[in-house]
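Listed below are the residues making up each chain.
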2 protein chains.
Amino acid sequence: MTRERVIETARHMIEEGGVEALSMRKLAAELGVAPTGIYWHVGGREQLLTEIVDEVVDEMADLRPTGATARDRMASVARQIRRQVLDHPYLVELARELGQGPATAFPGQVALAREATAAGLQGEEGADAVRALLWLVGGFVMLERLPQQPDQPVQRTTTQELWKSVRDTDIDASLAKAMTRVPDPDTLFETSLQSLLDAVVPASATVRKSSRATRRG
Amino acid sequence: MTRERVIETARHMIEEGGVEALSMRKLAAELGVAPTGIYWHVGGREQLLTEIVDEVVDEMADLRPTGATARDRMASVARQIRRQVLDHPYLVELARELGQGPATAFPGQVALAREATAAGLQGEEGADAVRALLWLVGGFVMLERLPQQPDQPVQRTTTQELWKSVRDTDIDASLAKAMTRVPDPDTLFETSLQSLLDAVVPASATVRKSSRATRRG
DNA sequence: ACCTGAACACCGTTCAAGT
DNA sequence: ACCTGAACACCGTTCAAGT
């Protein structure tokens, strides 16, 4: 009946069955109300979805960097962002539908900027480092298989399958074979992350600030 | 009338007004035919969209690496992939809707694998390098503003606007200020790309293979 | 203030019937 | 072989009318 209940049950429906599982009419049925009754509480479908995105993004703002060095803490933030997106698979679709992709990334940018500062990064160089790290996370979300949503269409062809039929003398055989194997997403992400950090974080930030901290740990 | 004409006009409609501009009924009107007439030629909406994605991906397979060193050619492939995606903004939406994200990235993977081989990369290490580079492109597509599609909802809030109200003593002032500026996407992409290549490509691949080649150029 | 019912303008798809 | 018309089961949204 209340605005809160509408948003809550709508979110629940999306979490169960993906974005397409939410229609105003099904939501009304779930609430035991006429389809038109919803419109008094929330403006319409788009407003409702925006409300949900804002809620989830707020929750995602809770990032807790861990690690002794600034570089480690940057890595931990990147990992947490990825983890949160994996925990809310529908969010990507939702954000795209609403044109909120960039806004969704904002809390992550702030958290990364904080650790980048601790790592001694400044100005344009620091900003570029933050953006590059987020791109890596975004790319993962874009190109790796997300845990299947219930109603979502099946991923038709994986790149791994496609690689099996590649015969190309210009491609190293061991490399081609590696592409046919489904990579472990966690370690693949970790490797890419560390590569980028190598390039982007000054070496000094990989060293613990004082020897006291080391002894304590 | 023909299957080809159906696919062609459907693609044209999407290129004009985005994916949501294409409905079976509007397509029928455009073809001067009853809505149900389409179903004899193409199975249905989903098959039609799949056909279009396949067509576009086929065209995208035409990647022409340029540059003297293997590293430069890897960079050029990454740039071309990004460029092609920017030229087909609807493709991202389409690929997601069909669960074809990974398959869309396949031609790029092959082209990158070829140059990675030339750069001396092999096995898992090489495969990881290819994937990391594609993630960077994918992240760009995901998080940067794409050229606005006609019917698409407006990007509500940019991260740049959001950064203007950030007051955080843990963030370097010059870094925070840099985040309020809209970055030049081309140079930002270039910087991230070079960073990742630094981390991922062996140093030997940045050197021209023979001194003869250098003299000729 | 809060909800309903009727109505409007859309969808994708099936399937018997026409030529 | 190719297309139409009627029909079905859906959408989101508006708006006058009810309590």
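For the structure, see preceding data.
Residues numbered from 1 in each chain as written. Chains lettered and ligands numbered in written order. Predicted model: local features only at pLDDT ≥ 70, side-chain atom pairs only at ≥ 80, totals over all residues. Heavy atoms only, no water.

Examining the interface of chain A and chain B
Stage number 1. Across the contact, 67 residues belong to chain A and 66 residues belong to chain B.
Stage number 2. Taking both partners together, chain A and chain B bury about 6200 Å²; carbon and sulfur atoms supply 64% of that area.
Stage number 3. Scanning the region where chain A abuts chain B turns up four salt bridges.
Stage number 4. In this structure, the salt-bridge partner of glutamate 124 of chain B is arginine 181 of chain A, at a minimum N-O distance of 2.9 Å.
Stage number 5. Here chain A is connected to chain B by 14 residue pairs in polar contact (both at pLDDT 80 or more).
Stage number 6. For the side of chain A that touches chain B, the elements supplying multiple residues, two or more each, are helix H6 (89-98), helix H7 (101-118), helix H8 (123-143), helix H9 (159-164), helix H10 (173-180) and helix H11 (185-200) of chain A.
Stage number 7. Looking at the side of chain A that touches chain B element by element, the count peaks at 17 residues for H8 of chain A.
Stage number 8. Here the side of chain A that touches chain B is built from residues that sort into 36 nonpolar, 17 polar and 14 charged. (Contact = heavy atoms within 4.5 Å. Buried area = accessible area lost by both parts, 1.4 Å probe. Salt bridge = Lys/Arg side-chain N within 4 Å of Asp/Glu carboxyl O. Polar contact = N/O pair within 3.5 Å; in protein donor to acceptor, adjacent residues only side chain to side chain. Helix = DSSP H or I, 4+ residues; strand = E, 2+ residues; numbered from the N terminus. Nonpolar A, V, L, I, M, F, W, Y, C, P; charged D, E, K, R; others polar.)

With respect to the packing of aromatic side chains
Stage number 1. Inspection of the entire model under this criterion finds eight aromatic pairs over all chains.
Stage number 2. Note on phenylalanine 140 of chain A and tryptophan 135 of chain B: the rings are 5.1 Å apart at their centroids and 90° apart in plane angle, and the pair reads as edge-to-face. Placement of phenylalanine 140 of chain A in helix H8 and of tryptophan 135 of chain B in helix H8 (residues 123-143) is noted, with the two residues assigned to different chains.
Stage number 3. Accessibility expressed as a relative area gives 3% for phenylalanine 140 of chain A, which makes it buried.
Stage number 4. Its relative accessible area of 1% is what places tryptophan 135 of chain B among the buried residues.
Stage number 5. Over the aromatic face of phenylalanine 189 of chain A sits the side chain of arginine 82 of chain A, whose NZ or CZ is 4.9 Å from the ring centroid. (Phe/Tyr/Trp six-rings, centres within 6.5 Å; stacked < 30°, edge-to-face > 60°. Buried < 20%, exposed > 50% of the residue type's maximum accessible area, 1.4 Å probe, protein only. Lys NZ or Arg CZ within 6 Å of the ring centre and 35° of its normal.)

Function cannot be inferred from these measures alone, as they are strictly geometric.
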